[in-house]
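Survey of secondary and tertiary structure
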Amino acid sequence: MVSAAQPFMEVESCRSYIDELYSSEPDKCLGAIISLKNSVIGSNRQKGSVIAQGVVTRLMQLLQDKTLPVEIRTESAVTLGSLAKGTENHVKQLIDLGLAPLVLNCILTSGNPKLTDVCLRCACSIFSHPNAPFDLIYRDKQTVGHLLGLAMQSVSNQICVTTILGSSCKTTENQAMLCDQGGLYTLAALLCSQHYTVLMPTLNCIANLAYQNPNVSAMIATASFGGKSVADLLVGLMARDRPSDMQLSSAKCLTYLHRAGAIAPEDPKILYKTLPCLVVLCKKDRPCEERVLAAETIAYLTEVNTELQRLASISNQLIPTLASMLHCQPETNNNTPPRNNDPLVVANMKQAAFRAFASLGANDEDIRKKIIETERLMEEVVCGLEDTNEKVRLAAVRCLHSLSRSVQQLRTTFLDHSVWKPLMALLQGASDDILSVASSTLCNLLLEFSPAKEPIMESGIVDLLCSLTHRADPALRLNGIWALMNMAFQAEQKIKSQILNTLGTDQIFRLLSDSEVNVLMKTLGLLRNLLSTKPHIDHIMALHGLQIMQAVTLILDGNHSIDVKEQALCILANIGDGDTAKDYIMSNDDILKKLQEYMSHSNVKLQIAAIFCISNLVWKEESGSAERQAKLKEMGVYRILQQLIMTSDTLLFDKVKIVMTQFSSDA
């Protein structure tokens, strides 16, 4: 058994050549570097020992000293490059010591081809690490241009440059700079390489270059090399005789081009090449890592297009194939490779399958039904909500959210599995990502026809939803107010009072001033649902009438869209439907004048909403209608109605006619 101290003892036994690293005699120093290099090749244990001994700093000093012979600098770079091929932790330590900017500077300034190549290989290892200082690569166009210039000098350079540029391409600015410096044409040429080791990082670079960038993706889709477009070259790399990971990377590139709008969903390259390729790569006979990436790419490919969702759902048993990924468990068989025993691999499989199901079921009721009826699917979703891995929980709740759009399933399967219970548990102390999707799902479960609505309301959800409306994230504010709006629809008075008291009129005012128009609209929707049913309207207005009228006035006076103002007028119409609540409108001359203004508005929707409010105020069968009619006639409301009866809009005509019949004939 190897003791913990042994690595350091091995280095100590070679202390002579480590000491000679600091020698002022070039030959001794060079010999020491070569000995050190030979000692660490192929041994992660030795690499860790050397790094721990602080030798890296001396190697970096030697590398950057331009007064030293180039052989010393080159061998130093080779040794550092060998250390950079160690474990992720080894590479992180090298990054923390500042090796990345040093080797990059050597690449840019060295006039020696061998030294440049060695530093490029070292940089390749460093910038493959997730903690690498990627901003160094795209700090200026000269750096990118210089790297692209090196790419065509050798196969080794092509591998290194595409790896570095691809790994570092993180932002739209990076993507634009890489294109501006001619990177697209270099990458197009490299797609014709005969070397697998060149093609794979090239494909990764193209994928990162295209990701969520419509302008760049359009250029990629139309670029060509050797008479073939990049898109066609990518299709060629998806051929069945190509390695499966190459097929997958090519499909990923085409998926990104499609999602960025550069290739239409009905294009044969998407319908008949990319999608079928990804479906095949999800099959059980594929390696776990490939199945995961294929399922995740399918999720992204089909996320927003109904036709692609439909086609994928009937392609080559995809739904059962994805379901099999959910049933995967860590194996205990000693004959199974350790990789397949890894719980992380199992978690990744489940996460990818849930994400794919979420996309497939996003829009089509028949697909959702097919997914839900898959054996043990809902049990796996419920288990996923309780998984110890947060990414699995997030993917599971996304799947649940997609499936919760089904009215039929809310009434049946969701009720049978009581999915609201694990969902409510998930909301407690959840991250913002999970909270956002879980609260969106909750909005659907709180719809009036959902059997889960009542038990959710009884579980103390109001406090949580009201707290969401205070969050900085607009999505959380929207979900909070949206769920409250759904909860208030046709609810009992005690529920409405609880919502209003917990939320508070001050918060309602803040939400009505929200910069997000969707939050504003749902807040108005909440007020409409609260102010429904005569006794509820009168009760709420008796408690909060002045504040609610101020809120409505705020909207009608503000610079808002037609839809927003229509909602405010509908709230007034609901208030006008109350028995005692009517007085809040009739005693407010400013509001009455606004109703007159909107009756004559250029937008028919606002005219109809205003007239609906007038209708509720003058309905002749209700107490006090004669006095209200007289006041409105005196203000000129009836005269406006007489003018509007000449309208050519049939809906407006019908509304005006109904209101006019309510007025007594003697005024």
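This structure is a prediction, so every number in the text was calculated from the model and none was measured.

Regarding the UniProt feature "repeat: ARM" (unreviewed entry) in the protein chain
In the numbering used here, UniProt assigns the feature "repeat: ARM" (unreviewed entry) to residues 54–89. Taken end to end, residues 54–89 is 72% helix and 0% strand, and its two terminal C-alpha atoms sit 15 Å from one another.

What to know about the layout of surface pockets
Estimates place the volume of the largest pocket at around 390 Å³. If you go around the largest pocket, you meet 17 residues; those closest to its centre are Leu 248, Lys 252, Tyr 256, Leu 293 and Thr 297. Those elements giving two or more residues to the lining of the largest pocket turn out to be α14 (196–210), α17 (244–259) and α19 (288–302). The class makeup of the residues in the lining of the largest pocket is nine nonpolar, three polar and five charged.

Side note on empty space enclosed by the protein
Under the criterion given, the structure shown has three cavities of 30 Å³ or more. Of the voids in this model, the largest cavity is the one considered here, and its volume is about 50 Å³. Forming the boundary of the largest cavity are Leu 500, Thr 505, Ile 508, Phe 509, Leu 527, Gln 547, Ile 548 and Ala 551. Elements supplying a minimum of two residues to the lining of the largest cavity: α35 (505–512) and α37 (534–557). Taken together, the residues of the lining of the largest cavity sort by class into six nonpolar, two polar and no charged. Its volume calculated, the second largest cavity comes out at about 50 Å³. As for the second largest cavity, its lining consists of Leu 410, Phe 414, Leu 415, Ser 418, Val 419, Trp 420, Leu 445, Ser 450, Pro 451 and Ala 452. Considered class by class, the residues forming the lining of the second largest cavity number eight nonpolar, two polar and no charged.

Focus on the confidence of the model for the protein chain
Residues at a pLDDT of 70 or more form 95% of the protein chain, whose mean pLDDT is 92. Counted against residues more than four places away or in other chains, residues 1–13, with its pLDDT under 50, gives 16 contacts. Counting interchain partners and residues more than four positions distant, the pLDDT-below-50 stretch residues 331–338 has six contacts.

Brief notes about the packing of aromatic side chains
Using the criterion set out here, one finds five aromatic pairs in the structure. Considering the side-chain rings of Tyr 211 and Tyr 256, the 4.9 Å spacing of their centres and the 55° angle between planes classify their relative orientation as tilted. Of this pair, Tyr 211 sits in the loop between α14 and α15 (214–222) while Tyr 256 is found in helix α17, placing the two residues 45 residues apart along the sequence. Look at Tyr 211 and you get partly exposed, because its relative accessible area is 35%. On the basis of relative accessibility, which here comes to 13%, the residue Tyr 256 falls in the buried class. Summarising the aromatic geometry, the rings of Tyr 256 and Tyr 300 are spaced 5.6 Å apart at their centres and angled 90° between planes, so their arrangement reads as edge-to-face. Taken together, the residues Tyr 256 in helix α17 and Tyr 300 in helix α19 connect sequence positions 44 residues apart.

Observations concerning the environment of His 327
Note on placement: His 327 falls in the loop between α21 (318–326) and α22 (338–341). Separated by 22 residues in the primary sequence, His 327 and Met 349 place their C-alpha atoms 9.2 Å from one another. Contacts of His 327, omitting those with residues within four sequence positions, involve Glu 375, Arg 376 and Glu 380.

Focus: the packing of helix α8 (residues 99–109) against helix α10 (residues 141–151)
The contact between α8 and α10 brings their axes to 10 Å, and the two run at 65°. It follows that α8 is roughly perpendicular to α10 by the angle criterion. Between α8 and α10 lies a crossing of left-handed hand. On α10, the residues that touch Leu 104, Ile 107 and Leu 108 of α8 are Thr 143, His 146, Leu 147 and Leu 150. Here the residues of the contact of α8 with α10 sort into five nonpolar, two polar and no charged.

Some remarks on the side chain of Arg 73
Along the chain, Arg 73 falls in helix α6 (residues 70–83). The side chain of Arg 73 is buried and forms no salt bridge, while Asp 65, the nearest opposite charge, is found at 6.9 Å. A distance of 2.7 Å separates the side chain of Arg 73 from the backbone oxygen of Leu 63, its partner in a polar contact. Setting aside residues up to four positions removed in sequence, Arg 73 forms contacts with Leu 62, Leu 63, Gln 64, Asp 65, Lys 66, Leu 68, Cys 106 and Leu 115.

Describing the nonpolar core
Counting residues in each nonpolar core, the largest one holds 233 residues, and the members touching the most others are Leu 165, Leu 572, Ile 575, Ile 585, Leu 595 and Leu 617. Looking at this core, the element that brings in the most residues is helix α23 (residues 343–360), giving 11 residues.

Quick look at helix α43 (residues 637–644)
Those residues of α43 not exposed but buried are Val 637, Ile 640, Leu 641 and Leu 644. The buried residues of α43 all sit within an arc of 100° when viewed along its axis, so they share a single face. In α43, the exposed residues that point more than 90 degrees away from the buried face are Arg 639 and Gln 643. Buried residues along α43 sit in contact with α40 (589–599), α41 (604–618), α42 (625–635) and α44 (650–662).

Details of helix α26 (residues 390–403)
Under the 1.5 Å per step criterion, the end-to-end length of α26 is 20 Å for 14 residues, consistent within 8% with the ideal 20 Å. Taking burial as the measure, the 14 residues of α26 include 11 buried ones, the bulk of the element. Taken as a whole, α26 has its buried residues at Val 392, Arg 393, Leu 394, Ala 395, Ala 396, Val 397, Cys 399, Leu 400, His 401, Ser 402 and Leu 403.

Conventions and cut-offs
- Residues numbered from 1 in each chain as written.
- Predicted model: local features only at pLDDT ≥ 70, side-chain atom pairs only at ≥ 80, totals over all residues.
- Heavy atoms only, no water.
- UniProt positions renumbered as here; feature names shortened; annotations may be inferred.
- Helix = DSSP H or I, 4+ residues; strand = E, 2+ residues; numbered from the N terminus.
- 1 Å grid on protein atoms, 1.4 Å probe; cavity = no way out; pocket = protein on both sides within 12 Å on 5 of 7 lines; lining within 4 Å.
- Points joined across faces, edges and corners; volume = space filled by probe spheres on them.
- Nonpolar A, V, L, I, M, F, W, Y, C, P; charged D, E, K, R; others polar.
- pLDDT = per-residue confidence, 0-100.
- Contact = heavy atoms within 4.5 Å.
- Phe/Tyr/Trp six-rings, centres within 6.5 Å; stacked < 30°, edge-to-face > 60°.
- Buried < 20%, exposed > 50% of the residue type's maximum accessible area, 1.4 Å probe, protein only.
- Axes fitted to C-alpha atoms, helices over the stretch in contact; angles between N-to-C directions.
- Parallel < 35°, antiparallel > 145°, perpendicular 65-115°, else oblique.
- Left-handed = near helix turned anticlockwise from the far one by under 90°.
- Lys, Arg positive; Asp, Glu negative; His and termini not counted.
- Salt bridge = Lys/Arg side-chain N within 4 Å of Asp/Glu carboxyl O.
- Polar contact = N/O pair within 3.5 Å; in protein donor to acceptor, adjacent residues only side chain to side chain.
- Core = buried A, V, L, I, M, F, W, Y, C linked by side-chain atoms within 4.5 Å.
- Arc of directions from axis to C-beta.
- Expected span 1.5 Å × (residues − 1).

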